[in-house]
Amino acid sequence: MKKILFVDDEPQLLEGLRRLLSPQRKDWDMRFAASGEAALAVMENTEIDVVVTDMRMPGMDGADLLTRVHHRYPNVMRIVLSGHFDVEAGLRAVPVAHQFLMKPCDPFKLKAAIECSSQLHNFLPDENTRRVISAIGSRPSPPAICSTLIQAINDPDSSLGMIGEIVDRDVALSAKVLQLANSAFFSLPHTVTDVRPALAVIGIDVLKQLVLSAAILRQFHPRRPIQSFSVDEFELHARTSAQIASYLPADVNAVSLRVMTALLHDVGKLVLASYLSEKFERACGISGVEKCPLHLAEREVLGTSHAEVGAHLLNLWGLPRAAVDAIAAHHRPAPATAGSEHGLDLMAVVHISSALAHDCFAHTDLAAPLGQVDDDYLRRLGVTPQMGSWRKAARDAAGVSP
Ligand SMILES: [Fe+2]
Ligand SMILES: [Fe+2]
């Protein structure tokens, strides 16, 4: 039974939650605390799975509480349920909260948020992965992008579109921007999957503080180079995949969703490189020596791969389910039913774009077999005949000679 701790300084609100969620009593063991201090006291005696806290409370506020929970109990899922938008406190909570919800929160949304956190708990294959996912809240962005962004933000002539373009180039930052925009803090009518409307919602001022806090956080997370892994190559692969995803014939999925999913599909590699660098480095070594795909080497070393880690992280951040599923399965897509005349679905787009992007820089000729692709899957989709021309188009677009 999942143990959920709700924290709010307003007794009526706690009472309201207790009543609203009473049908959940058979699945959840619910605890209630009237302050941050009381919450920590509960946690000393009881192993809690999910904390749902108010932001503005006298004494220890929600951001403070979650920061302490993050340090003391890194595996606990942390959700903010706030009544007002406070930029300063919001930014303090961003690195330590997995999800933001806005009061009054409809019970379905709250239930879904908690279920999603608890399911991840059950599903995550090993303790290490869970630790990685919990720690990821503080993942910073590379400073080069930060300074370019800050310059653009300070330039009165730079448009939102220009800033969007810069944010687009940075995988971690665009994920962060989307996480923010999709959180109920900004009460969006629907999920945003493109950085530009997300920026329009967040506004330049919040973005500026977000970028600055990311740059500052980075100072406290020095990263070492990982042998056989280059962040530049990682980013080139992400951008190339996104570019290919934008022109593959796809079904109803909006271009922005395809591009975003392709851009982020390997984000788990960055997570592993940052938080489990030794094991990740070992996996990169095995992959290089044994010439096996990196995800298989990761599984050997970590019991999981960058696909699952990235997908779980983005799921916690509230990215659309279709994107999460496509990322989780990008090496081994779910068995496809026959190809649809409307084009490829998101899972197929991501699998094929990543394989074609790898191929662009694989230094093989076009006649060589295409690595990193599931031939059976392509056959079932009925797209094997098209692969040759897509492969050539991908190389042309990436500017590499066939
Ligand atoms: Fe991958
Ligand atoms: Fe990839």
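Residues numbered from 1 in each chain as written. Chains lettered and ligands numbered in written order. Predicted model: local features only at pLDDT ≥ 70, side-chain atom pairs only at ≥ 80, totals over all residues. Heavy atoms only, no water.

Caption draft 1: Inspection of the coordination of the iron ion (ligand 1) at higher detail. For the iron ion (ligand 1), the full set of protein donor atoms is Asp 266 (OD), His 306 (NE2), His 330 (NE2) and His 331 (NE2), at a range of 2.1 to 2.4 Å. Taken together, the four donor atoms coordinating the iron ion (ligand 1) and their angles of 77 to 159° define a geometry best described as irregular. Of note, the iron ion (ligand 1) draws all its donor residues from one chain, in the sequence arrangement D-x39-H-x23-H-H. Taken as a pair, the iron ion (ligand 1) and the iron ion (ligand 2) show a spacing of 3.5 Å, with Asp 266 coordinating each metal. Taken together, the residues span a long stretch of sequence, with Asp 266 in the loop between α13 (255–264) and α14 (267–275) and His 330 in the loop between α18 (321–328) and α19 (346–360) at a distance of 64 residues. For the residue pair Asp 266 and His 330, the accessibility class agrees, reading buried in each case. (Donors = N, O, S within 2.8 Å, 3.2 Å for Na, K, Ca; no water. Tetrahedral: all angles 85-135°; square planar, octahedral: opposite > 155°, others 65-115°. Helix = DSSP H or I, 4+ residues; strand = E, 2+ residues; numbered from the N terminus. Buried < 20%, exposed > 50% of the residue type's maximum accessible area, 1.4 Å probe, protein only.)

Caption draft 2: Looking closely at the pattern of salt bridges. Under the criterion given, the structure shown has nine salt bridges. Salt-bridge contacts for Arg 299 lead to Glu 308; the nearest nitrogen and oxygen are separated by 2.8 Å. Here the salt bridges do not stand alone but share partners, grouping Asp 359, Arg 391 and Arg 395 into one network. (Salt bridge = Lys/Arg side-chain N within 4 Å of Asp/Glu carboxyl O.)

Caption draft 3: The arrangement of the nonpolar core in detail. Within the largest apolar cluster, 58 residues are counted, with the highest numbers of intra-cluster contacts made by Phe 229, Phe 280, Leu 344, Ile 352, Leu 356 and Trp 390. Considering each element in turn, this core owes the most residues, ten residues, to α19. For Ile 352, the contacting residues outside a window of four places in its chain are Leu 248, Leu 344, Leu 378, Val 383, Met 387 and Trp 390. Counting residues in each nonpolar core, the second largest holds 21 residues, with Ala 39, Leu 40, Met 57 and Val 80 among its members. (Core = buried A, V, L, I, M, F, W, Y, C linked by side-chain atoms within 4.5 Å. Contact = heavy atoms within 4.5 Å.)

Caption draft 4: Fine view of the pairing of strand β3 (residues 50–53). Of the two faces of β3, both are covered, the one formed by Val 50 and Val 52 as well as the one formed by Val 51 and Thr 53. Sheet topology note: the β3/strand β4 (residues 77–82) ladder contains four bridges and is parallel. Within the sheet, the bridge partner assigned to Val 51 lies in β4 and is Arg 78. (Pairing = 2+ DSSP bridges.)

Caption draft 5: Layout of the environment of Asp 64. With respect to the helices and strands, the residue Asp 64 is situated in helix α3 (residues 62–72). In this structure the C-alpha to C-alpha distance between Asp 64 and Ala 93, which are 29 residues apart in sequence, comes to 7.9 Å.

Caption draft 6: Just the layout of surface pockets, in detail. The volume enclosed by the largest pocket comes to roughly 1000 Å³. Of all the elements in the fold, those that place two or more residues in the lining of the largest pocket are α12 (231–247), α15 (277–290), α16 (294–302) and α19. For the lining of the largest pocket, the element with the most residues is α19, which contributes six residues. (1 Å grid on protein atoms, 1.4 Å probe; cavity = no way out; pocket = protein on both sides within 12 Å on 5 of 7 lines; lining within 4 Å. Points joined across faces, edges and corners; volume = space filled by probe spheres on them.)

Caption draft 7: Here's a closer look at the sheet that holds strand β1 (residues 2–7). Here five strands make up an open sheet; going across it, the order is β2-β1-β3-β4-β5 and the pairing parallel. A strand with exactly one partner marks an edge of an open sheet, and here the two such strands are β2 (28–33) and β5 (99–102). Taken pair by pair, the neighbouring strands of this sheet meet at an average axis angle of 20°, ignoring direction. Where helix α1 (residues 11–20) meets the sheet, it contacts β1, β2 and β4, and its direction lies at approximately 170° from that of β2. (Axes fitted to C-alpha atoms, helices over the stretch in contact; angles between N-to-C directions.)

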